[in-house]
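Observations on chain architecture
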Amino acid sequence: MKPIVLSGARREQIEEWARTEIGAAREERSEWESQWAENHSIHEAEARTGARRHKAIPNAPSVEIPIARMATVEITSRMLSIIRAQPKLLEVHTVDKNHADHAAALQDFIDWGIQGPWKLQQALDEAPKICVKHGIAMLYIPWIEQIKKTSSYRITSQGPKIVPIPIEDCLFRANRGSEIDNLPWSSVGSRYSREEMRFQ
């Protein structure tokens, strides 16, 4: 694939569009971030101060009971129990008997992916906790290729990998629709590893 060559004026237009879109996305998300902070505070039973302080009740103990955390643990445990009780997380069905062999082969492939490289099981252990706590969970599913370069160029393995990501690392225009796949753009932030930080 040939690299895309942009003129200086076109590059400036794209940069201005990106700055405008990112700024609007951050502004639209500010209400969500306030709610996430409130959810976290309630979950951790942090003492309320200022405008968040409850009306004082005479002789009431000045403690916050972590009821939300207890409820979160209970709901998450039930969700995981239901998911793990299923014989298969994903099951293939055919609309007719003519493709039974194809369905069986696809089922074998899915079972292999779930137990191995797709990391679906690990994602299901983490995503329900985030979803119950904040009402939303995000999964990033890139297509990963592992390449071995010696005297030749060879792909040793390839396939999807399911990664639960912190909701604060996701950025998109919140008012453009409910289906993130249909949005003009979306982004996922990433953090440097310890090794990467050494070279920054």
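Note: the structure precedes this text.
Treat the numbers as computed from the prediction; the structure is a model and nothing was measured.

This paragraph deals with the side chain of Arg-29. Along the chain, Arg-29 falls in helix H1 (residues 8–43). Accessibility expressed as a relative area gives 7% for Arg-29, which makes it buried. Of note is the side chain of Arg-29, whose polar atom sits 2.3 Å from the backbone oxygen of Cys-170. Excluding residues within four positions of it along the chain, Arg-29 makes contact with Trp-36, Ile-167, Glu-168, Cys-170 and Leu-171.

Note on placement: Ser-186 falls in strand S6 (residues 186–188). A C-alpha to C-alpha distance of 9.7 Å links Ser-186 and Ala-25, two positions 161 residues apart in sequence. Sequence-distant contacts of Ser-186, defined by excluding residues within four places in its chain, comprise Leu-171, Phe-172 and Ile-180.

A word on unusual backbone geometry. Although it is not a glycine, Lys-119 adopts a positive phi angle of roughly 65°. Here Lys-119 shows up in the loop between helix H3 (100–115) and helix H4 (120–134). Residue Lys-119 is classed as partly exposed on the basis of its relative accessible area, which comes to 33%.

Interhelical geometry of helix H2 (residues 67–85) versus H4 gives an angle of 145° and a closest axis separation of 9 Å. Note that H2 runs across H4; the crossing there is right-handed. Contact residues: H2 offers Thr-72, Ile-75, Thr-76, Met-79, Leu-80, Ile-83 and Arg-84, while H4 offers Gln-121, Leu-124, Asp-125, Pro-128, Lys-129, Val-132 and Lys-133. A class-by-class count of the residues in the contact of H2 with H4 yields seven nonpolar, three polar and four charged.

Trp-36, Ile-130, Met-138, Ile-165, Ile-167, Cys-170, Phe-172 and Leu-183 form the largest nonpolar core, which has eight residues in total. For Phe-172, the contacting residues outside a window of four places in its chain are Ala-25, Trp-32, Met-138, Ile-180, Leu-183, Trp-185 and Ser-186. If you look at the next biggest cluster of nonpolar residues, it comprises seven residues, including Ile-110, Ile-114, Leu-124 and Ile-162.

Next up on the list: the pattern of salt bridges. The final tally for this structure, using the stated rule, is seven salt bridges. Note that Arg-78 and Glu-74 form a salt bridge whose closest N and O atoms lie 2.8 Å from each other. With Arg-78 and Glu-74 both in helix H2 and four residues apart, the pair spans about one turn of that helix. On the basis of relative accessible area, Arg-78 is assigned to the exposed category, the value being 55%. With its nearest N and O atoms 2.9 Å apart, the salt bridge here joins Lys-88 to Asp-111. Of this pair, Lys-88 sits in the loop between H2 and H3 while Asp-111 is found in helix H3, placing the two residues 23 residues apart along the sequence.

Attention now moves to a nonpolar patch on the surface. The grouping of Ile-4, Leu-6 and Ile-14 at the surface amounts to a nonpolar patch, some 280 Å² of accessible area in total. Along the chain, Leu-6 turns up in the segment before H1. Since its relative accessible area comes to 33%, Leu-6 is described here as partly exposed.

How each quantity is defined
- Residues numbered from 1 in each chain as written.
- Predicted model: local features only at pLDDT ≥ 70, side-chain atom pairs only at ≥ 80, totals over all residues.
- Heavy atoms only, no water.
- Helix = DSSP H or I, 4+ residues; strand = E, 2+ residues; numbered from the N terminus.
- Buried < 20%, exposed > 50% of the residue type's maximum accessible area, 1.4 Å probe, protein only.
- Polar contact = N/O pair within 3.5 Å; in protein donor to acceptor, adjacent residues only side chain to side chain.
- Contact = heavy atoms within 4.5 Å.
- Axes fitted to C-alpha atoms, helices over the stretch in contact; angles between N-to-C directions.
- Left-handed = near helix turned anticlockwise from the far one by under 90°.
- Nonpolar A, V, L, I, M, F, W, Y, C, P; charged D, E, K, R; others polar.
- Core = buried A, V, L, I, M, F, W, Y, C linked by side-chain atoms within 4.5 Å.
- Salt bridge = Lys/Arg side-chain N within 4 Å of Asp/Glu carboxyl O.
- Patch = residues over 30% accessible without salt bridge, like charges linked within 9 Å, V, L, I, M, F, W, Y side chains within 5 Å.
- Areas by Shrake-Rupley, 256 points an atom, 1.4 Å probe, with all protein chains shown as cover.

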